[in-house]
Amino acid sequence: MASQPEEFDVIVVGGGPGGSTAASLTAKAGAKVLLLERETFPRYQIGESLLPSTVHGICNLLGVGDEIAAAGFMKKQGGTFKWGTSPEPWTFAFAVSPRMAGPTSHAYQVERRRFDQILLENTRRLGVDVRENCAVTEVIADDERVRGVRFTQGGESRTAHARFLVDASGNKGSLHGSVGGQREYSPFFRNLALFGYFEGGKRLPAPNSGNILCVAFDAGWFWYIPLSDSLTSVGAVVRREMAHKVQGDQERALHDLIAECPLIAEYLSDATRVTEGDYGQVRVRKDYSYCNTSFWRPGMCLVGDAACFIDPVFSSGVHLATYSALLAARSINSVLAGAVNEERAFTEFEQRYRREYAVFHDFLVSFYDLHVDENSYFWQARKVTRSSAPDMQSFIELVGGVASGEDALAGSTDLIRRQSANTAELGAAVNAISPGGSGFLGRSSLVADAMFEGSQIQAGVLFGEDAPQEPPLFEGGLATAGNGLMWTEPKN
């Protein structure tokens, strides 16, 4: 005899950062939430380099900021690149931006099995019904809207109904087609990634020893991510026309690609590849740059890799996953509370999500031009974000995940301190990138007034509903409520 359908306000499919964020933020608003995860945590996942927007924005909203800070993850002050026409590596520091200065001027390199477990356990603490080893087999829908899912649990088929379904099942999930539209693959980012893990690799000099190192070479580029004092994630992103380089023996292919990139070969000269456990396999990922033509339909939305993914060069994957989950949670919370109708709420969700995707996509198209110097990349970042800040600051706010101006992503817990950023830290950041002040940063006015949005960072945490209202991102659009968890009509 078939079991009776279970009833929820929200069903989330997938327990990664996007799913955990969506489930947690809807539960915090009072929704009855079911989260279905097909695997058993902790489990392996790629995407280990985080942005400040996730660490200090989303994680604080979730209530795990202190736990993440205490987890012992490698601190990331910025990024180091051997890219473009510059013969020497160049470094950027998050602290250059007033929106990320002080205690929020860093992110972390994380082992995803540990990071994702922290987020999922927090979801449980917030009252979400989390069920692992449960695979969704079908989306239940009619002509009007999505109504729920069928899934397997303990070998039995079960049914759950809800007002809203959030697909956070990742790039390999099969539910995304239920919103309509199709997954369109990028004609530009037609790359393959081949990656593994090494013990004993070298580190950049302090204070940048925790930075991600990205190095371009003839066939593509390498990431070099320090996960601990000894463990390093190393991956080669290879252009499609160079696909023959990753065919056959993957161990040999990775070894040969490392040999083609002198700087990475130097950093791994005394290292050995991990050959056991979660990190013991050389893996390949291909066809990973795509975007769905639809992000939602009545009763259902897509977040994270279920909706889109661009390229790993600026570590935007977890940022887009958690940011889109925040947008989805705001929309769901607003509709369930009767504050905004579904069409208006999810139009705001999709507009903001697509804008964030487009900013990274358009910038990365220009970033793959290796015939210019870093100054041109900084200028392009300002152009695609339409920022009034100096070029370098615009670049750092884009790659730090705070270019949208979203208060919730900037993550300061001290509004007053944020409004007067520490100029000594800015000076140190300038010197880190352009020693002696002779380069681009030495010629720019970095100590400028923060953008209007930057002056309101985390005001909701300090003042609650009495916080100054963040302006709409689009003409005629919605504003964010003071608690950061709902939409509201903008005040006149």
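Scroll up to find the structure this text is about.
All values derive from a computational prediction rather than experimental measurement. (Residues numbered from 1 in each chain as written. Predicted model: local features only at pLDDT ≥ 70, side-chain atom pairs only at ≥ 80, totals over all residues. Heavy atoms only, no water.)

Visitor: Hey, could you run me through the side chain of Ser 334 in this one?
Guide: Mapped onto the elements of the fold, Ser 334 is located in helix H7 (residues 317–336). Within the structure, Ser 334 has its side chain in polar contact with the backbone oxygen of Arg 330 (distance 2.7 Å). What Ser 334 contacts, discounting residues up to four positions off in sequence, is Ala 339, Val 340, Met 486 and Trp 487. (Helix = DSSP H or I, 4+ residues; strand = E, 2+ residues; numbered from the N terminus. Polar contact = N/O pair within 3.5 Å; in protein donor to acceptor, adjacent residues only side chain to side chain. Contact = heavy atoms within 4.5 Å.)

Visitor: Would you mind showing me how to read the packing of aromatic side chains here?
Guide: The description of an aromatic ring pair uses the distance of the two centres, along with the angle that the planes make with each other. Within the structure shown, the criterion is met by 19 aromatic pairs. In this structure an aromatic cluster arises from ring pairing among Phe 81, Trp 83, Trp 90, Phe 92, Phe 94, Phe 195, Trp 221 and Trp 223. Geometry around Phe 164 places Arg 145 over its ring, the cationic atom sitting 5.6 Å from the centre. Over the face of the ring belonging to Tyr 44 we find Arg 283, whose NZ or CZ atom lies 3.7 Å from the ring centre. (Phe/Tyr/Trp six-rings, centres within 6.5 Å; stacked < 30°, edge-to-face > 60°. Lys NZ or Arg CZ within 6 Å of the ring centre and 35° of its normal.)

Visitor: Hey, could you run me through the pattern of salt bridges in this one?
Guide: Pairing between side chains of opposite charge can happen when their charged atoms approach one another. Inspection of the entire model under this criterion finds 22 salt bridges. Between Arg 124 and Glu 121 there is a salt bridge, with its nearest N and O atoms 2.8 Å apart. Residue Arg 124 and its partner Glu 121 are located together in helix H4 (residues 112–125), separated by three residues, close to a single helical turn. Arg 239 serves as the salt-bridge partner of Glu 241, at 2.9 Å between the closest nitrogen and oxygen. Under the relative-accessibility criterion, Glu 241 is labelled exposed at 53%. Linked by salt bridges that have partners in common, Glu 6, Asp 129, Arg 131 and Arg 158 make up one network. (Salt bridge = Lys/Arg side-chain N within 4 Å of Asp/Glu carboxyl O. Buried < 20%, exposed > 50% of the residue type's maximum accessible area, 1.4 Å probe, protein only.)

Visitor: Which parts of the structure should I look at to understand helix H1 (residues 17–28)?
Guide: Residues spaced three or four apart along an α-helix point in a common direction, a consequence of the helix completing one turn every 3.6 residues. Here H1 contains 12 residues, and its C-alpha end-to-end distance of 16 Å stays within 8% of the 16 Å for a straight helix at 1.5 Å per residue. Considered for burial, the residues of H1 that qualify are Pro 17, Gly 18, Gly 19, Ser 20, Thr 21, Ala 22, Ala 23, Ser 24, Leu 25, Thr 26 and Ala 27. Summarising the contacts, the buried residues of H1 are in contact with strand E1 (6–13), strand E2 (33–37), helix H2 (52–62), H4, strand E10 (156–167) and H7. Gly 30, located one to two residues past H1, shows a positive phi value of around 105°. (Expected span 1.5 Å × (residues − 1).)

Visitor: What should I look at first to understand the environment of Gly 170 in this one?
Guide: With respect to the helices, strands and loops of the structure, Gly 170 is situated in the loop between E10 and strand E11 (183–185). Residue contacts for Gly 170: discarding those within four places in its chain leaves Arg 183, Asp 305 and Ala 306.

Visitor: Is there a simple way to explain the nonpolar core in this structure?
Guide: A general tendency of soluble globular proteins is for nonpolar side chains to be buried together. With 118 residues, the main nonpolar core has Phe 314 and Phe 349 as its most contacted residues. Not counting residues up to four positions away in its chain, the partners in contact with Phe 349 are Phe 295, Trp 296, Cys 301, Leu 302, Val 303, Ser 324, Leu 327, Ala 328 and Ser 331. In this structure, Leu 194, Phe 198, Ala 243 and Ile 258 belong to the second largest nonpolar core, which totals 27 residues. (Core = buried A, V, L, I, M, F, W, Y, C linked by side-chain atoms within 4.5 Å.)

Visitor: What should I look at first to understand the side chain of Asn 208 in this one?
Guide: Following the sequence through the fold, Asn 208 ends up in the loop between strand E12 (191–199) and strand E13 (212–217). With relative accessibility at 14%, the residue Asn 208 sits in the buried group. Beyond its immediate chain neighbours, meaning those up to four positions away, Asn 208 contacts Gln 77 and Thr 91.

Visitor: Looking at this model, I keep getting lost on the pairing of strand E15 (residues 231–239). Mind explaining?
Guide: Among the nine residues that make up E15, eight are buried, leaving the element largely enclosed by the rest of the structure. Across nine bridges, the pairing between E12 and E15 is antiparallel. Residue pairing across strands places Leu 194 opposite Ala 236, the latter belonging to E15. Of the pairings in the sheet, the one linking strand E14 (residues 220–226) to E15 comprises seven bridges and is antiparallel in character. Note on E15: the bridge partner recorded for Ile 225 is Ser 233. Turn length for the E14-E15 hairpin, with the two strands adjacent in sequence and antiparallel, is four residues. (Pairing = 2+ DSSP bridges.)

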